Amino acid sequence: MSNRVSFISRSISRKLSRKIVLLTLLIFVLAMIAVAVVSLIAIHNESIGNARGALRNTSLDIESLLVNVESAGRVTTRSIIHFNSEGSDISHVTEDAVLSDKTISGCAMAFEPHKSAHSDREYYMVASYISEGEDVARTVNLGGTDYDYLTMDWYQIPKLLDKPYWSEPYFDVITSQTVTTYSIPVYDDGDELVGILKFDIALTWLTDMISSLQPYPSSYNILIGRNGSFISHIQREKILNETIFSEPLAEGNEKALGMAMEIMSQQDGLLHFTFKGKGYYQIFEKLRNGWTAVIVCPQSEVYSDARMINITLAIVALLGIILMYLGCKKIISRSTMPLTEFTNAALTMAKGNFNATIPDVDSQDEIRYLHDSLCYLQSSINTYIKELKASLVSNEKFENELNIASAIQRNMLPREFPKTSDFDLYAALFPAKEVGGDLYDFYVKGDHLYFAIGDVSGKGVPAALFMAITRSAYRFISGMGMNMEQVERNINNAFTEGNESGMFVTMFIGCLDLKTLELEYCNAGHNPIVVVSPSGKADFLHAKANLAAGLIGGFQYQGETLQLEKGSRLILYTDGISEAENRQKELFGEDRLLEYSASVPVTTSAKDFTDGLLDAVRGFTDGNEQNDDITVLTIRV
């Protein structure tokens, strides 16, 4: 026995050690993955944020320059208007503009034909500029066939738009530099266009500023014009010679073309792409003049810090797992010895001896709790056996009482179906359990046939009790000579008062004048009944929408009338028919009900029609368990 105990103890120790280590390994791995993901996201966000910040700073520097130029333009415009109105020379104005701001490489005033007050030339343009590497402003007078400024973009576009305009970069023949131009329409005191004032910024200054931005060792920067042309690029030969669309179109790369279109259409954003097997991020932002600044960062450099953190985490996790395994193995081997005796006691109880002796322990840990649990289990089993024997006797008694309740419920409903020359009526009810919540009722009073069908919410004994109350209430209230909407209104008010259980019943009640065949009815949330004409056409009776009885007190029910023809048939049913399921979870449905109703000759008796419908439902369900009460009431006039 001692050898067996020792073997079991070692086996449990090994199993627990392996499981705990595996669980610990899983926790470590999940924790490491979680930390890796969090750190990766954090570092990625921080790195991208740094790149965005650097790009934003450069964008602000460029936009600050643009704002300064625009401010200088407004000041210079006023001086131009003043001196031109006096007929004074304006060259000193353009020279002052160039000398006062080193970022402005040129300033020129181009007049509309015959609009210059200090020159009789048709085309007149005063241009001052500073050549690269010089500090002295030079001024030239241009205009005419040798320099037709009226056809140039920097002149035409602001004139047509009637507002200032930043041009795309171009080569200026005056300064022999590639520049971008800020053009301003100038008007006299009579709001008539005098000409266009322009300021030039050398493109070399802008490209040097953009290229100086480098948040990562291998990152580079691009400046793109409004038309997609490269204003600044790491490959200098592409500047003003290619656009952002050139390579994607040449290579037929739809993904790259889509990214290029997104850069040109969006205000700012972040894109990821792969080039020669390496990942890159593109961060872009549109400037106030419509240009777009882009920074390209290698993914490997963005995630370099994250990789170092993850390697450190992996090493720490591995060392922790090794130490955990050694510690668990030693501790578990000492703690599992008492489990063997508990195992033997449990095996004895499993063989039927529920009075087996459970060894006692001195510890106050989980082993003690296990001992107490086994003792409690032993006591509970013995108690349960006693209660089970008593329960078997009680259940047998309850089943007998339930059968009696089922018989009482069946006897409450009409079982005799009259056959007269005036009408033919038959009904059937099959509860899903011993008792159910469906109901039907009918009776003849004078020349009128009163009938009803209902479906109580829920199933079982509570629904059966509510069904009995509903049937009695209908009999009593309808017998007082009220019309159908008054009958339903009184039933509803009676049910909502003190209805703490919240039960309700859907009903279709009717009163048929056997002489005139006029049907008065009220539908309280019940399924639409089927009306079959003497010609055999079957349709649903679309009654007015009323609430089920028992939901809202004082609800104003609306009754209706329908003129029937001799030979018509009415089919009233509960949703146990339409919602009957087969083994494929398909419903019998209203379409099949309508199809069956139209297929049966109108001369068929109410009983044969009802039995046939029930057989059709059973055939459809193919032995599948009935999940709801089934009730059918058929009337043929």
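Report follows, based on the coordinates. Quantities reported herein were computed from a predicted structural model and do not represent experimental measurements. (Residues numbered from 1 in each chain as written. Predicted model: local features only at pLDDT ≥ 70, side-chain atom pairs only at ≥ 80, totals over all residues. Heavy atoms only, no water.)

Now for the pattern of salt bridges. Counted according to the given criterion, the structure contains 14 salt bridges. Here aspartate 441 ties to arginine 475 by a salt bridge, and the two come within 2.7 Å at their closest N and O atoms. Of this pair, aspartate 441 sits in strand 14 (residues 438–445) while arginine 475 sits in helix 11 (residues 460–478); the two residues are 34 residues apart in sequence, bridging distant segments of the chain. For lysine 607, the salt bridge goes to aspartate 611, with nearest N and O atoms at 2.7 Å. Here lysine 607 pairs with aspartate 611, and both are found in helix 15 (residues 606–621), just 4 residues apart, close to one helical turn. (Salt bridge = Lys/Arg side-chain N within 4 Å of Asp/Glu carboxyl O. Helix = DSSP H or I, 4+ residues; strand = E, 2+ residues; numbered from the N terminus.)

With that settled, consider the packing of helix 11 against helix 12 (residues 484–496). Running from amino to carboxyl end, helix 11 crosses helix 12 at an angle of 140°, the nearest separation of the two axes being 10 Å. Accordingly, the angle class assigned to the pair helix 11 and helix 12 is oblique. Helix 11 and helix 12 meet at a crossing whose hand is right-handed. On helix 12, the residues touching Phe466, Ile469, Thr470, Ala473, Tyr474, Ile477 and Ser478 of helix 11 are Val487, Asn490, Ile491 and Phe495. Tallied by class, the residues present in the contact of helix 11 with helix 12 amount to 8 nonpolar, 3 polar and no charged. (Axes fitted to C-alpha atoms, helices over the stretch in contact; angles between N-to-C directions. Parallel < 35°, antiparallel > 145°, perpendicular 65-115°, else oblique. Left-handed = near helix turned anticlockwise from the far one by under 90°. Contact = heavy atoms within 4.5 Å. Nonpolar A, V, L, I, M, F, W, Y, C, P; charged D, E, K, R; others polar.)

The strand order 13-22-21-18-19 describes an open sheet built from 5 strands, whose pairing is antiparallel. Each edge of the open sheet carries a strand with a single partner, namely strand 13 (424–430) and strand 19 (538–540). Averaged over all pairs of adjacent strands, the angle between strand axes in this sheet comes to 15°, irrespective of strand direction. Running at roughly 145° to strand 19, helix 14 (residues 589–599) makes contact with strand 18 (530–532), strand 19 and strand 21 (569–573) of the sheet. Contacting strand 13, strand 21 and strand 22 (630–636), helix 15 crosses the sheet at an angle of about 30° to strand 13. (Pairing = 2+ DSSP bridges.)

By the element assignment, histidine 233 lies in the loop between strand 9 (230–232) and helix 5 (246–251). Judged by relative accessible area, histidine 233 falls into the buried class, the value being 7%. A polar atom in the side chain of histidine 233 sits 2.9 Å from the backbone nitrogen of glutamine 235. Here histidine 233 is in contact with Asn221, Ile222, Lys238 and Ile239, once residues within four sequence places are set aside. (Buried < 20%, exposed > 50% of the residue type's maximum accessible area, 1.4 Å probe, protein only. Polar contact = N/O pair within 3.5 Å; in protein donor to acceptor, adjacent residues only side chain to side chain.)

Bringing the nonpolar core into the picture now. Formed by 48 residues in total, the largest nonpolar core has its most connected members in Leu449, Phe451, Tyr474 and Leu570. Ignoring sequence-local partners within four residues, the contact set of leucine 570 consists of Phe451, Leu519, Ile529, Val530, Val531, Leu564, Leu633, Thr634 and Ile635. (Core = buried A, V, L, I, M, F, W, Y, C linked by side-chain atoms within 4.5 Å.)

Here the focus is the packing of aromatic side chains. Within the structure shown, the criterion is met by 14 aromatic pairs. Consider the rings of phenylalanine 466 and phenylalanine 495, whose centres lie 4.9 Å apart with planes at 55°: the pair is tilted. Linking phenylalanine 466 in helix 11 with phenylalanine 495 in helix 12, this pair joins segments that are 29 residues apart in sequence. Consider the rings of phenylalanine 588 and phenylalanine 620, whose centres lie 5.6 Å apart with planes at 80°: the pair is edge-to-face. Of the two residues, phenylalanine 588 is situated in the loop between helix 13 (575–578) and helix 14 and phenylalanine 620 in helix 15; the sequence distance between them amounts to 32 residues. Phenylalanine 620 sits in the buried class, given a relative accessible area of 15%. Among the aromatic side chains, those forming a connected cluster through ring pairs are Tyr123, Tyr149, Trp154 and Tyr155. In this arrangement the basic side chain of lysine 198 is found over the ring face of tryptophan 154, its NZ or CZ atom lying 5.0 Å from the centre. (Phe/Tyr/Trp six-rings, centres within 6.5 Å; stacked < 30°, edge-to-face > 60°. Lys NZ or Arg CZ within 6 Å of the ring centre and 35° of its normal.)

What follows concerns the side chain of asparagine 523. Within the element layout of this structure, asparagine 523 appears in strand 17 (residues 518–524). From its side chain, asparagine 523 meets the backbone nitrogen of histidine 526 in a polar contact 2.7 Å long. If near-sequence neighbours (up to four positions away) are discounted, asparagine 523 is found in contact with Met507, Phe508, Ala543, Lys544 and Asn546.

Glancing now at the sheet that holds strand 16 (residues 505–513). Across the sheet, 5 strands lie side by side as 14-15-16-17-20; this open sheet has antiparallel pairing. In this open sheet, the two strands that pair with only one neighbour each are strand 14 and strand 20 (560–563). Here the strands of the sheet are splayed against their neighbours by 15° on average, with no regard to which way each runs. When strand 15 (residues 448–456) meets strand 16, the two strands line up antiparallel, connected through 9 bridges. Pairing of isoleucine 453 across the sheet is with phenylalanine 508, part of strand 16. Against the sheet, helix 11 touches strand 14, strand 15 and strand 16, its axis set at about 20° to strand 14. Across the sheet, helix 12 lies against strand 15, strand 16 and strand 17, angled at about 155° from strand 16, the strand it touches most.

All right, on to unusual backbone geometry then. Of note, lysine 276 is a non-glycine position whose phi angle comes to about 55°, a positive value. Tracing the backbone through its elements, the reader meets lysine 276 in the loop between strand 10 (268–275) and strand 11 (278–286). For aspartate 622, which is not glycine, the phi torsion reads 55° and is therefore positive.

This brings us to helix 2 (residues 91–100). Within helix 2 the residues assigned to the buried category are Ser91, Val93, Thr94, Ala97 and Val98. The arc that holds every buried residue of helix 2, seen down its axis, measures 165°, which confines them to one face. (Arc of directions from axis to C-beta.)

The buried fraction of strand 6 (residues 177–187) amounts to 9 of the 11 residues, a majority that puts the element mostly inside the structure. Sheet topology note: the strand 4 (residues 165–166)/strand 6 ladder contains 2 bridges and is antiparallel. For tryptophan 166, the partnering residue across the bridge sits in strand 6 and is tyrosine 182. Hairpin connection of strand 5 (residues 170–172) to strand 6: 4 residues between the antiparallel strands, including serine 176 at a positive phi of 60°.

Now for the environment of threonine 357. Structurally, threonine 357 is set in the loop between helix 9 (337–350) and helix 10 (366–412). On the basis of relative accessibility, which here comes to 70%, the residue threonine 357 falls in the exposed class. Along the chain, threonine 357 and cysteine 375 lie 18 residues apart, while their C-alpha atoms are 9.2 Å from each other.

Another point: the packing of helix 14 against helix 15. The angle between the axes and the distance between the axes are what describe a pair of packed helices. Look at helix 14 against helix 15: their axes get within 11 Å of each other, and the N-to-C directions meet at 140°. The orientation of helix 14 relative to helix 15 falls into the category oblique. In the packing of helix 14 onto helix 15, the handedness of the crossing is right-handed. In contact with Arg592, Leu593, Tyr596 and Ser597 of helix 14, helix 15 contributes Asp608, Phe609, Gly612, Leu613, Ala616 and Phe620. A breakdown of the residues in the contact of helix 14 with helix 15 according to their chemical character gives 6 nonpolar, 2 polar and 2 charged.

Extensive coverage of strand 8 (residues 220–224) is indicated by the burial of 4 of its 5 residues. Sheet topology note: the strand 8/strand 9 ladder contains 2 bridges and is antiparallel. Bridge pairing in strand 9 places isoleucine 224 opposite phenylalanine 230. Counting the residues that bridge the hairpin from strand 8 to strand 9 gives 5 residues, and of these glycine 228 lies at a positive phi of roughly 95°.

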